Structure formats: structure tokens, C-alpha cells
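# Report on the structure
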Amino acid sequence: MKMAWQPQEEGLRQILTLLRESQSPDTATQRAVQQKLEELNKFPDFNNYLIFVLTKLTSEDEPTRSLSGLILKNNVKAHFNKFVPEVTNFIKQECLSAVGDPSPLIRATVGILITTVASKGELTSWPELLPALCQMLDSQDYNVCEGAFGALQKICEDSAELLDSDALNRPLNVLIPKFLQFFRHTSPKIRSHAIACVNQFIINRTQALMIHIDSFLENLFHLATDDDPEVRKNVCRALVMLLEVRIDRLIPHMHNIIEYMLMRTQDPDEGVALEACEFWLSLAEQQICKEALAPHLTRLVPVLVRGMKYSEIDIILLKGDVEEDEMIPDREEDIRPRFHKSRSHHTHHTTFGAKLIDDNGIGDDDDSDPEDGGDDDSTLSDWNLRKCSAAALDMLANVFQEELLPVLVPILKETLFHQDWEIKESGILALGAIAEGCMTGMIPHLSELIPYLIGCLGDKKALVRSITCWTLSRYAHWVCSQPHETHLKPLMTELLKRVLDGNKRVQEAACSAFATLEEEASTELVPYLGYILETLVFAFGKYQHKNLLILYDAIGTLADSVGHHLNKPDYINLLMPPLINKWNVLKDEDKDLFPLLECLSSVATALQSGFLPYCEPVYRRCVSLVEQTLNQHIANTQSPEQFDAPDKDFMIVALDLLSGLAEGLDGHMESLVVNSNVMQLLYQCMQDPMPEVRQSSFALLGDLTKACFQHVLPCISDFMPILGQNLNPEFISVCNNATWAIGEISIKLGADTSPYVPLILSQLIDIINRPNTPKTLLENTAITIGRLGYVCPHDVAPMLQQFVRQWCTSLRNIRDNEEKDSAFRGMCQMITVNPGGVVPDFIFFCDAVASWVTPHDDLKDMFQKILHGFKNQVGADNWKRFSDQFPPQLSERLHGMYGV
């Protein structure tokens, strides 16, 4: 018989020294430890020592033993497939023997180790694992039962899919009924594990659970009033998930569940209250929400508003009593990574001022999330009861709209004017949360509320000032629709004071709110530009690191909003020196370049020729950033162990700034491009595996085509096939920008576009006919098809019947502009070549023509000829029958403008 493995004294001593050293705070020691670990990993039985320390070496303290297990876990993650069978088996057997260790820390570590081994594909090759753990559940020894449950819970979390597959003979058919038995166990820890295990299988509607759904519900309801917070948390979690996947089962009990959740949302344990509060978010997305919740609104709304109040601990963590902190530098770890919004080519719509809000009614723009409710501090967990309550109120406002106000307005009156600042602050947050859903009903109150809020911007508490900035930004649209003197001017004046507040949180909230106001007010701000710029430039010298990044955004948004009105020597002399100063200070590998480059991109586009004095160094550096990134990418592909992969954001942002330059400088761009290798670089970027790089490359290609086509022309035969390959609507923005670039190129290339039409036309026709294609992509596709038809009518017109209806419907909502103009000229050319192609859908063409307010005279003539040609072709009687189907507006428009 073979002897069981035993550690050598010397080896053990080395490893224990290593484990002690690794707990040292000194970084040099840490590095030495890492190196030593790498060396020891070359010995096959090193991992035996690690498991031995974890499970057998009771002479050591628990943290050291646990650490040994965690190092082993990392080894399993990294090299498990290289372990020799003896080691693998030793680890498995030791794990199973230690599941019931008397120490909770060691049990938990063993559980983590088991699930890590299991998720390495070893559930299938460790067939005794689940039966063994399952048997241990019945042990009379609490430690064994709890340890086994802890391990099972982790396995259920990590391998839910696999547990429900034939690969393992569907162990859930045994496990789930087993777990359900433990819902009534005497130990709260065990009850909690049992629910947590079952909860892993709700979202995927696992069959084994669905069979037992009634027993599951009955057991859940039995635990509703459990004394243990972890148990209550898991019960709430289960009900929230069941709401999403098995609402049919909850509907008969809905009244009681809502009563229960109302109680739990006020649970003394904030963790339980938060899980319960998620229920309202989930319910708001269900069809039955209105009917189910209407009777409970009078009780629910006050609970949500109470949940929006800062807790005492929040205020301590937020340093709510520190009013001035602007001199304190930011900690680097508080600065969140930003997401760069890459350029995407948009057409302008007649529907104005619609902001992109994603479906859940909590905007996808950072400025207006109730979840954001003014807290952006990493010490607060990112998601807490306050944010969840605010998000729930926002969603309910979208469901109930005006009907919420009879319940809410009395609460607002009581909270908004309360003398306790915490309560007043929660009222202001609530007012902001309902802005989207209840706007119509709130309008009668706004003429008194807005001045009151503008007054609150001067409150002595920083947390009140900051939330007021956010709430006012949610009503910016209404403010801009009123006479300026009444609200816009006082709001702007006070917000700009807050931009210079002594408190960093207020500066941040004011800057974000001001950016929202800029978007809503757009050119209405032109008369106040001098004052606005002076404030924003003054903030440059005042802000710490984190808020500087938000300030760039406010300046960029201002440039986008007022456009060429920014191009005045006084404004340029105010704005450019601090921006260029930052530009010179930042190194090429500094991530702060991203927001600065984005900001400069907007500024360059707005200033147009006013940016000329600054364009050369900016251009050179952007090209160099692209080149450095590409070279690093090549180096990394060839020898990954020697060179790190580059951060491609540098390249993306640089490409976008080059686009901004091309758009702003137009013809002046030529002198910059002529002496550089930008076209070769662009050729590489267009083939990058990362979609965002391609998206920005195509935007730049389109802008360079407009600004200096002579430099694009020689590359067309290389570029066109790449553009054709990127007409894939799975990557919406890539496809959109490629489509737009093709259209710009065809206008410049003219009849020479003909050889490339076969590479692109059929994809464009597919895209325009796809259901659910986003509006912007549809419009750009239609414009590009029109432009191809304009330069190559004989190549495109034969396909007219395949796209004319979709083409007309997608372009009727765009404002008159040059893109629309060239596209319609193309359509008229194609109809001339193939009049039969439009006949079945002629009413759509009439409708699209009528969407023009002031077409150029020669385009108007083309429309006239086609309309009259059709009328003469079919004869007066048929035309009358046809035109009687027109809506009255369409008839009037066509008769008035074209005499048909």
C-alpha cells in the first residue's frame, strides 16, 4: 500500500515564512513574495503543501491558513490543467475532508477552493463531489452541514448552467427538493444558504425548480417574518426575481406580497430594505404595475421618499459637515474611468429637444440619473437605498404620470420646506426624480417651485446645494421654454456661482447641471457667452483633478451648443490659453488627455477658422498618438510577453479630434494633411479589430473627404472594399459611419463610383429593409443610397422597387439640409431612369416630397416634373382616385407648392 503524501519539515518552514511575509504592508517584500511564489510553482507538490497548511496545520493561526488556501485557489485558476493527477486527487480529498472544519473562516476558504476546482471543468470529472456534499447536509454536526451548504451555494453561483445539464445527469432534480427541506432549519445561517442556493435557478427558469414552484413559494411565504436579516434579504431577492420570470405565480398573492414588501422596504436592516426596494423597480416594468399598485400608492410613495433621506452614516462618509474642501487634492482612486462617446454621424430632426433616455426611464446620460442623486463617492456603495428609492420613484412617475401627484404633492410640500436640511434635501431629490414622468402635471407648480429651488442653490448646506443643481437640471427644458428674464437668467447666474462653489461636490453637480442647461438652451446662451466663459475659465484655476475632467465636458458642450458664435477674438483669447496650457503639460500616456481631446474637438469644430493658430501642434500630436498606438499594437501582437497591449482609447480620441479639426478647418485641413502619413495610418485603423476604432476611422474618412478629397482620392480603391465589409448592422455605429463616409465619397467621386456600387448597394438595401434598424442608421442609409443614385443612376435605379418605400418613410422626418438635398436629387434621377420602379409606392414619394419646406428651385422643378408626369400618365380620373387617399395636409401642400 502506498504511503499518503507527507510534507518535508524544510519545505513547510519555507512556505510558512513566505505566508507571513506576504502579510507585510511593504511593497518590496510583496514583490519578493510574488517572485518566490512563481519559483515554487515549478515544484509539482508545492500545491500539496498549500492544501496541507489550509486543512491540517492547526498550529498556525487561521488567517495564515486561509491565505494558503487562497494562494492555492489562484494556482488552480491559473494552472489547474498542468497539475499532476496525484496532486489533483490529494487536493480534492483534502477539500472534502475539511468541509466541516470548526473554523468558519477555514470552512469558507475550503468552499471557495472547491467551487474553483469545480468550475475548471471538474464537476464532470469529480463525480463524487455533489453526492458527498449532499450527504453532508444531513450531518448532525452543524459545522459539516454549514460547510457543505457554503460550498454548494458557491457551486450554484458559479456553475448554475452546468448543474442543469445532461452532462451531470441533472443533479438539480435531487438538489432542489433537498434545498427546500432546509428552508425550515433551526439555524438561520443554514436557512439563508438554502434560499440562496435555490435563488440561483430562478432567472433561467430552471425546469427542476419550476416543477416545485408551489412548494418554493409556500416555503418563502413561511419565512416572510424571519428574525434573521440575511434570510429576509434572500426572501426579498427571490420575490424580485420571481416577479420577472414567474409573475403568473405571484399574481394570486400580489396583494400580500406588496404589503410584505412595503414592510421590508422599511426594514431596520438597510441591506434588507435595499433588496425589497428593488421590487418596486421590477414591478414598474410589468404590465400589471398600475393595476396592482394603485391601491397602495398612498402608503408606498411616502416610504420611498423617506428612503431617499441620507442616513447618518451616509452623511459621515460624505463628510456632509465639511462645507469647504476645494483646497484638498483628490485621491486618484476617487476618479472614475470615463467613457468616451465616439463620434457618430447624425442627421438633424424636426422633432427637437428630445433627449436620449433609455427604456428604464433613468437617462443614459450621466447628468440625469436619479440613481446618481448627487452622490458620486466611492466610499458609499455605488447602489444604496437612497438611489434605489429615487430610481423607483422615477419609474413609478413614468407609469402613473399625473395620477401620482395627488399623493406626492402634499409630501413635497411638507418635505421641500422642512427646517431639517436632511428632509428638505430628500424632498428636492424627489422633485428631481419625478421630473420626467410627471412633467405635464408639475407645470402649474413650476413658476413658484423653480424660483424656490434657485434660492436653495444658496443654502448653507453643501449637500442641499448639490442636489438642487441636479433637480434644476431635470427641469431645464421647461426653464428654457419660458421668457429668459423670468427663470433662465436667474438660473444661469446662480448655477455659475455654484460652479465656483467652495465645495467640490457642489462644483461637480453645478458643472454637470450647467452642461445639461447648455444642451437645452443651445444658442439662447449666446448673449451671455462672455459671462459664462469668464466663469468656466476661472474654474480652471480653482478645480482639483476630478472636477477639471467635468469642466472639460461643460466647455465642450458649450461649444457644441453655441457653435460658430464662439468664434470671436475675445472669447478665443479667454478660452484657448488655459486649454493649450493643459495640452502642453499632459504627457502622451496621461488618461486626462481623453476629456481634453474631446473638449478640443468640440471647440475646434465650433471655432472653425478661429482655431487655425492652434491647429498645427494639435494635429501633429494627434497623428503621433495614433501612430504610437498602432506601433504598440503591432509590437504586442508579435511579442506579447515583451510588450503590453496599448490602450486604444488614445487612438480613438485622437481620431475624433482629427475629425473635429477637419470639420472646423475645412479647406485649411489640406496643408496639414499634405505633409503627414495620416492616410496610411487611417488605412490601418479602418482594419482594426476593435469596433470603436473603426467607427472613429470612418468618421474621420468622411470628414477628410469633405475637407481635402485630393488626398483621399489615391486611396479609394483600397478603402472602398473595407467600407463595404463594414456594412454590418450588428455594429450599429461602425455601420452608420461607414455608410455616411461612402455617401460623402460618392458625391466627390461622381460617376467614377460606378465600379464600387456592387460592393455596397445590396448591403445598404438589406439594412434599409431590416426590421428594428435604429432611426439614425436608416436615415444615413437612405441618404447614401440616394447619393449613389445621384452619381450612378443607371447602376442603382434598377433596384428602385426594393427600397423606395422605406427610403421615403425614413427621410420624411429630416429637416431640409444639403444631405437631404443630394439624396432627393438622386431619387429624382433614378425615377427618371426607371419610372416603373416607383409606381406601386408613389404615394410614399408624394409624402416625402411634401416634407420639404424650401427646396432649391431646380430641385423643386424636378419634383414638379415627376408629379405632373405621373398625373398625365394615369389620366385625370385615376389621379383623382389616387389623390383622394391623401391626408388633407398632404393634398394642400402638394397643391400649394406643385399645383397637383
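Residues numbered from 1 in each chain as written. Predicted model: local features only at pLDDT ≥ 70, side-chain atom pairs only at ≥ 80, totals over all residues. Heavy atoms only, no water.

So, about helix α32 (residues 593-607). Taking 1.5 Å of rise per residue, 15 residues should cover 21 Å, and α32 covers 20 Å from first to last C-alpha, within 8% of that figure. Burial analysis of α32 places 15 of its 15 residues in the buried class, which makes it a mostly covered element. Of the residues one or two after α32, Gln608 is the one with positive phi, at around 50 degrees. (Helix = DSSP H or I, 4+ residues; strand = E, 2+ residues; numbered from the N terminus. Expected span 1.5 Å × (residues − 1). Buried < 20%, exposed > 50% of the residue type's maximum accessible area, 1.4 Å probe, protein only.)

Our focus in this paragraph is empty space enclosed by the protein. Enumeration according to the criterion identifies one cavity of 30 Å³ or more in this entry. Roughly 40 Å³ of internal volume is contained in the largest cavity. Along its surface, the largest cavity is lined by Val623, Val626, Leu655, Leu658, Val678, Leu681, Leu682 and Leu700. Within the residue set of the lining of the largest cavity, elements represented by two or more residues are α33 (612-638), α34 (649-665) and α36 (678-685). (1 Å grid on protein atoms, 1.4 Å probe; cavity = no way out; pocket = protein on both sides within 12 Å on 5 of 7 lines; lining within 4 Å. Points joined across faces, edges and corners; volume = space filled by probe spheres on them.)

What follows concerns helix α45 (residues 818-833). The terminal C-alpha atoms of α45 lie 23 Å apart, and with 16 residues this matches the ideal 22 Å at 1.5 Å per residue to within 8%. Of all 16 residues in α45, twelve are buried; the element is thus mostly enclosed. Within the sequence span of α45, burial applies to Glu819, Lys820, Asp821, Ser822, Ala823, Phe824, Arg825, Gly826, Met827, Cys828, Met830 and Ile831. Buried positions along α45 lie against α40 (732-749), α42 (775-791), α43 (793-796), α44 (800-811), α46 (842-850) and α47 (857-874). Looking at where α45 begins, the residue whose side-chain oxygen comes 3.0 Å from the main-chain nitrogen of Glu819 is Asn817. (Contact = heavy atoms within 4.5 Å. Polar contact = N/O pair within 3.5 Å; in protein donor to acceptor, adjacent residues only side chain to side chain.)

The residue Glu94 is located in helix α5 (residues 85-98) in this model. A distance of 2.9 Å separates a polar atom in the side chain of Glu94 from a polar atom in the side chain of Thr55.

It is worth spelling out the packing of aromatic side chains at this point. Under the counting rule described, the total for this entry stands at 22 aromatic pairs. Relative to Phe882, the ring of Phe842 lies with its centre 6.1 Å away and its plane at 40 degrees, an arrangement referred to as tilted. One end of the pair, Phe842, is in helix α46; the other, Phe882, is in helix α48 (residues 876-883), and 40 residues separate them in sequence. By relative accessible area, Phe842 is classed as buried at 1%. The class of Phe882 is buried, set by a relative accessible area of 16%. (Phe/Tyr/Trp six-rings, centres within 6.5 Å; stacked < 30°, edge-to-face > 60°.)

What follows covers the packing of helix α22 (residues 405-416) against helix α24 (residues 439-456). For the pair α22 and α24, interaxial distance at closest approach is 13 Å and the crossing angle is 10 degrees. Classified by the angle their axes make, α22 and α24 are roughly parallel. Across from Leu405, Val409, Leu412 and Leu416 in α22, the residues of α24 making contact are Gly441, Met442, His445, Leu449 and Tyr452. Looking at side-chain class alone, the contact of α22 with α24 contains seven nonpolar, two polar and no charged residues. (Axes fitted to C-alpha atoms, helices over the stretch in contact; angles between N-to-C directions. Parallel < 35°, antiparallel > 145°, perpendicular 65-115°, else oblique. Nonpolar A, V, L, I, M, F, W, Y, C, P; charged D, E, K, R; others polar.)

Structurally, the position occupied by Lys489 is in helix α27 (residues 488-499). Linking Lys489 and Thr124, residues 365 residues apart in sequence, is a C-alpha distance of 69 Å. Those residues in contact with Lys489 that sit more than four places away from it in its chain are His484 and Tyr528.

This brings us to the side chain of Gln153. Topologically, Gln153 is positioned in helix α8 (residues 142-158). Ignoring anything within four residues of it in the chain, the contact list for Gln153 reads His193, Ala196 and Cys197.

Turning next to the nonpolar core. Core analysis: the largest hydrophobic core is formed by 320 residues, its most contacted members being Phe216, Trp280, Ile434, Phe611, Met669 and Trp807. It is α34 that contributes the most residues to this core, eleven residues altogether. Among residues more than four places away in sequence, those in contact with Trp807 are Ile768, Ala782, Ile785, Gly786, Ala823, Phe824 and Met827. (Core = buried A, V, L, I, M, F, W, Y, C linked by side-chain atoms within 4.5 Å.)

Moving on, we get to the packing of helix α29 (residues 529-542) against helix α31 (residues 569-585). Running from amino to carboxyl end, α29 crosses α31 at an angle of 20 degrees, the nearest separation of the two axes being 9 Å. On the basis of their axis angle, the class for α29 and α31 is roughly parallel. Taken as a pair, α29 and α31 cross one another with a handedness that is left-handed. Contacts between α29 and α31 pair Leu529, Gly530, Leu533, Glu534, Val537 and Phe540 from the former with Tyr571, Leu574, Leu575, Pro578, Leu579 and Lys582 from the latter. Residues of the contact of α29 with α31, tallied by class, amount to nine nonpolar, one polar and two charged. (Left-handed = near helix turned anticlockwise from the far one by under 90°.)

The next thing to look at is unusual backbone geometry. Look at Ser522: it is not a glycine, yet its phi comes out positive at around 40 degrees. You can see Ser522 is positioned in the loop between α28 (504-521) and α29. Despite not being glycine, Asn772 shows a phi value in the positive range, around 65 degrees. Looking at the element boundaries, Asn772 is found in the loop between α41 (757-769) and α42. For Asn772, a relative accessible area of 78% puts it in the exposed group.

Okay, the state of the cysteines next. If you walk through the whole model with that rule in mind, you get zero disulfides. Just so you know, Cys469 is unpaired, no disulfide at all, and the nearest cysteine sulfur is the one on Cys511, 9.6 Å from it. Relative accessible area serves as the criterion here: at 0%, Cys469 is assigned to the buried category. The structure places no disulfide on Cys615, whose sulfur is separated from the nearest cysteine sulfur, that of Cys622, by 11 Å. Given a relative accessible area of 7%, Cys615 falls into the buried group. (Disulfide = S-S within 2.5 Å.)

What follows is about the environment of Leu500. Residue placement: Leu500 occurs in the loop between α27 and α28. A relative accessible area of 24% means that Leu500 is categorised as partly exposed. Separated by 38 residues in the primary sequence, Leu500 and Phe538 place their C-alpha atoms 8.0 Å from one another. Setting aside anything within four residues of it in sequence, one finds Leu500 in contact with Thr535, Phe538, Ala539 and Lys542.

In this section: the pattern of salt bridges. Applying the stated criterion across every chain, the model contains 34 salt bridges. A salt bridge links Arg249 to Asp214; the nearest nitrogen and oxygen atoms lie 3.2 Å apart. Taken as a pair, Arg249 in helix α15 (residues 247-250) and Asp214 in helix α13 (residues 213-222) lie far apart in primary sequence, 35 residues in all. According to the relative accessible area criterion, Arg249 is partly exposed, its value standing at 30%. On the basis of relative accessible area, Asp214 is assigned to the partly exposed category, the value being 46%. Put simply, Asp501 and Arg498 hold a salt bridge, and the shortest N to O gap is 2.8 Å. A single burial state applies to Asp501 and to Arg498, both of which are buried. Three or more residues are tied together by salt bridges with common partners; here these are Arg107, Glu146 and Lys189. (Salt bridge = Lys/Arg side-chain N within 4 Å of Asp/Glu carboxyl O.)

With 94% of its residues at a pLDDT of 70 or more, the protein chain has an overall mean of 88. Here residues 347-381 scores under 50 on pLDDT; set against residues more than four positions off or in separate chains, the count is 81 contacts. (pLDDT = per-residue confidence, 0-100.)

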